[in-house]
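# Fold and geometry: a report
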Amino acid sequence: MHLLVCGGTGCRSAESDAIVDSLNKAIADRGLENDAKVVMTGCFGFCEKGPIVKVLPDNTFYTQVTPADAEEIVAEHIYKGRRVNRLLYINPESQEHVEDSKHMGFYRKQIRIALRNCGFIDPENIEEYIARDGYSALGKVLTEMTPEEAIQSIIKSGLRGRGGGGFPTGLKWDITRKVAAEKKYVVCNADEGDPGAFMDRSILEGDPHSVIEAMAINGYCTGASYGLVYIRAEYPLAINRLKTAIGQAREYGLLGNGILGTDFSFDIELRYGAGAFVCGEETALIHSMEGMRGEPTFKPPFPSESGYLGYPTNVNNVETYANIPVIITKGPEWFASIGTEKSKGTKVFALAGKINNVGLIEVPMGTTLREVIYEIGGGIKDGKNFKAVQTGGPSGGCLTTKHLDTPIDYDNLLAAGSMMGSGGMIVMDEDDCMVSIAKFYLEFTVEESCGKCTPCRVGNKRLHEILEKITRGEGTMKDLEKLRNLGQVIKDTALCGLGQTSPNPVLSNLDNFWDEFVEHVTEKKCRAGQCKHLLRYVIEPDACVGCTACARNCPVNAITGERKKAHEINQEICIKCGACVEKCKFNAIFVR
Amino acid sequence: MTKIKSLADLRRVKDDLQEKIRLRENADNPEKLVQIKVGMATSGIASGAKEVMSYLIEELDKRNVEAVVSQTGDMGYCYAEPTIEVILPGKEPVVFGKVTLKKADEIIEKYIKNGELVDGIIPRNYETIE
Ligand SMILES: Cc1cc2nc3c(=O)[nH]c(=O)nc-3n(C[C@H](O)[C@H](O)[C@H](O)COP(=O)(O)O)c2cc1C
Ligand code: SF4
């Protein structure tokens, strides 16, 4: 039997190392070393209920395991063959135990291509990767295909960049290939700065070799013999696993000089980013690697023509790379058979927010939001109503109930006023205020703008100020118009992708939730109850017995009234702290 | 580890290593393989289920039958222990009772390899034992 223990960042912070140790000890205590093997893998995706331990061959899926549970798992499951029921996942709808992962709605609709090895192999052991057909794509390309043929395969597969832009990957490789230069570079963009996103981190933690192999294939195709991974320093586990993997690949002769007996040489180094969002933009990323300020520059020239140190540089995203080896081994036709007409393959999403199954998922392009939210995500938390889902992070927008049945792909998301982005998906319910959400994303861009160009540096600040004004109840209809106009100007005039997309969260929310904005402005009302300044605390005179508890606890003395008579709150003085509501024993104070 | 020197070399290494994760590969695609579940409650273990399980794992491997053998808890047929459930790809599960090593051999040769029914089938008393 194999016991797979999740070793992703999330589960590790919840002691998965100690779980592995305890399992090994319990197995050794019973002399079961020949019957059971413990493997620490990458993320299973089901982070909501981590740490996860999966027992094979029966696919039993234990959730929220602690080191103390190890003894029971070994004694009962391994030794006696009885599942430990109390650790099984409970289906939130039927309240029944779900015995194995094959019966979990979370996994049923997923197709795992980029995540094929995450949660399946030990990422620190190159042999498990090789056993899963690893490096055979590199071998095939080097010995049986010309660079042109390999590039044709990638073009035919229809793979598009997963870093946000969706540019056809094969085409980019072809452009880099055709530029003549004495030296070229291949870069992996592992900056991943969107709030809430952890797709790329999970791939690097769970399957670092797939990225290394793909970068080498890219090097062969484009004519580069150096690879650089730009990774944020805040990802220590991913950095470690990547370093281990690069070391092993060198040891096995899969990186270095004369790979697999051919005259192709390739090696990879890491470059660390300090975690600025703008450094994920490819030109800024290249400047940062060169030791300069991480500021974008105007394109063209594109990095494919003139990038790192002025040499042609092919930049791709982590998830884009993770798809490459399988496309080569299984063929472009296979890959192109999955997905929609213009978006092939799958996409990894990090599901977060007000959803039952927070975690990492991979679905075929063309899956609907409804399937993702209700079938895989298990629906909205606490039985609340769905309101919106944010995709594309600070560059994207919100999709609403009317988009629930839209198949997810690059073009449909753009048409709906959002974008694919790198794969963050934040679900919102009726308690979320859409004006505040727009403000949250703008706060992020204002913070992350590099300040090089005026529309982005100043324009976004103004947008943020107007939104702030609206949430304080001081907005006017004219302000809403200003948001639209200014947003459009920033989009049209900013230098880089950050500024060009930063107004999207505001603009798409204006389109989709116009009534809510108008309500804030004209009625000074926030239906979600999030905008503190718009709340009114009122005492219902019929329910108030005049006990004076509220008046005594109001920090600003906004409550007046005679003993044993109904009290009243002076709205001018009230600071909306809510202290009175807590103190009232008669439920006489309401928030309107 | 010496360096891998060619694609052919890589393929050889892969074939050697594949055994290490075969169990995981098979568990991932159970519907394409023969699945066998051995009832391993206390009564099952007492009546020799563990030996039957080891025998099945070894023999299926020797006879080149791709199968996933796993254990399960009490199947609810205590009178007929050891019991095993066999699911052939695309078929309904069949439960066999009082499985001795000899019976296990017969089940492999007749039922699993050729789909012929053999004695000892227990009518299933509920939908599935999963
Ligand atoms: C502000 C900004 C941030 C970006 N952040 C990332 C990022 O974190 N990771 C990434 O792969 N691409 C990011 N991109 C996109 C890159 O510029 C580039 O298009 C991408 O790395 C190309 O790889 P792909 O074609 O494989 O997607 C960002 C772009 C912008 C404008
Ligand atoms: S758009 Fe913003 S982030 Fe991009 S260059 Fe201009 S100021 Fe910098």
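Below is a short write-up of the structure.

### So, the overall build of chain B
- Scanning chain B from terminus to terminus reveals four helices and five strands.
- A total of 130 residues make up chain B; the buried ones form 49% of that total.
- Only carbon and sulfur atoms are counted for the fraction: they give 52% of the accessible area of chain B, which is about 6,700 Å².

### Here we look at the site of ligand 2
- By nearness alone, 13 residues border ligand 2, and C450(A), K452(A), C453(A), C456(A) and C496(A) come closest of all.
- Partitioning the shell around ligand 2 into residue classes produces nine nonpolar, three polar and one charged.

### Quick notes on the site of ligand 1
All names here are of chain A.
- Neighbouring ligand 1 are 18 residues; G163, E192, N316, N317 and T320 lie closest to it.
- Between an oxygen atom of ligand 1 and a side-chain N or O atom of T320, the distance comes to 2.8 Å.
- Relative to its free-state accessible area of 600 Å², ligand 1 is covered by the protein chains to the extent of 89%.
- Contributing elements (two or more residues each) for the shell around ligand 1: β10 (313-317) and α20 (497-501).

### Digging into helix α21 (residues 504-512) of chain A
- Of all nine residues making up α21(A), eight are buried, and the element is well covered by its neighbours.
- Among the residues making up α21(A), those that are buried are N504(A), P505(A), V506(A), L507(A), S508(A), N509(A), L510(A) and N512(A).

### A closer look at the pairing of strand β2 (residues 37-41) of chain A
Residues and elements named next belong to chain A.
- In terms of burial, β2 is largely enclosed, as four of its five residues are buried.
- Direction of pairing for strand β1 (residues 2-6) relative to β2: parallel, over a ladder of five bridges. When the sheet's bridge partners are listed, C6 is paired in β2 with T41.

### Notes on the environment of I324(A)
Residues and elements named next belong to chain A.
- Structurally, the position occupied by I324 is in helix α13 (residues 318-330).
- Measuring from C-alpha to C-alpha, the distance between I324 and I217 comes to 8.3 Å, with 107 residues separating the pair along the chain.
- Sequence-distant contacts of I324, that is, excluding residues within four places in its chain, are made with I154, L159, T169, W173, A214 and I217.

### Comments concerning the sheet that holds strand β3 (residues 84-87) of chain B
Residue and element names in this part refer to chain B.
- Across the sheet, five strands lie side by side as β2-β1-β3-β4-β5; this open sheet has mixed pairing. On the outer flanks of this sheet lie β2 (67-72) and β5 (121-122), each paired with one strand and no other.
- Here strand β1 (residues 34-39) pairs with β3 via four bridges, running antiparallel. Note that in β3 the partner of I36 across the bridge is V86.
- The sheet strands contacting helix α4 (residues 101-114) are β1, β3 and β4 (94-96), and the helix crosses β3 at an angle near 30°.

### Observations regarding the interface of chain B and chain A
- At the interface, 33 residues of chain B touch 42 residues of chain A.
- Between chain B and chain A, a total of about 3,100 Å² is buried, with carbon and sulfur atoms accounting for 56% of that surface.
- Inspection of the region where chain B meets chain A yields four salt bridges.
- One salt bridge in this structure joins R24(B) and E128(A), with 2.8 Å as the shortest N-O distance.
- Linking chain B to chain A there are nine residue pairs in polar contact (both at pLDDT 80 or more).
- If you list the elements that add at least two residues to the side of chain B that touches chain A, you get α1 (7-28), α2 (42-46) and β2 of chain B.
- For the side of chain B that touches chain A, the element with the most residues is α1(B), which contributes 14 residues.
- Taken together, the residues of the side of chain B that touches chain A sort by class into 15 nonpolar, eight polar and ten charged.

Analysis parameters
- Residues numbered from 1 in each chain as written.
- Chains lettered and ligands numbered in written order.
- Predicted model: local features only at pLDDT ≥ 70, side-chain atom pairs only at ≥ 80, totals over all residues.
- Heavy atoms only, no water.
- Helix = DSSP H or I, 4+ residues; strand = E, 2+ residues; numbered from the N terminus.
- Buried < 20%, exposed > 50% of the residue type's maximum accessible area, 1.4 Å probe, protein only.
- Areas by Shrake-Rupley, 256 points an atom, 1.4 Å probe, with all protein chains shown as cover.
- Near = heavy atom within 4 Å.
- Nonpolar A, V, L, I, M, F, W, Y, C, P; charged D, E, K, R; others polar.
- Polar contact = N/O pair within 3.5 Å; in protein donor to acceptor, adjacent residues only side chain to side chain.
- Pairing = 2+ DSSP bridges.
- Contact = heavy atoms within 4.5 Å.
- Axes fitted to C-alpha atoms, helices over the stretch in contact; angles between N-to-C directions.
- Buried area = accessible area lost by both parts, 1.4 Å probe.
- Salt bridge = Lys/Arg side-chain N within 4 Å of Asp/Glu carboxyl O.

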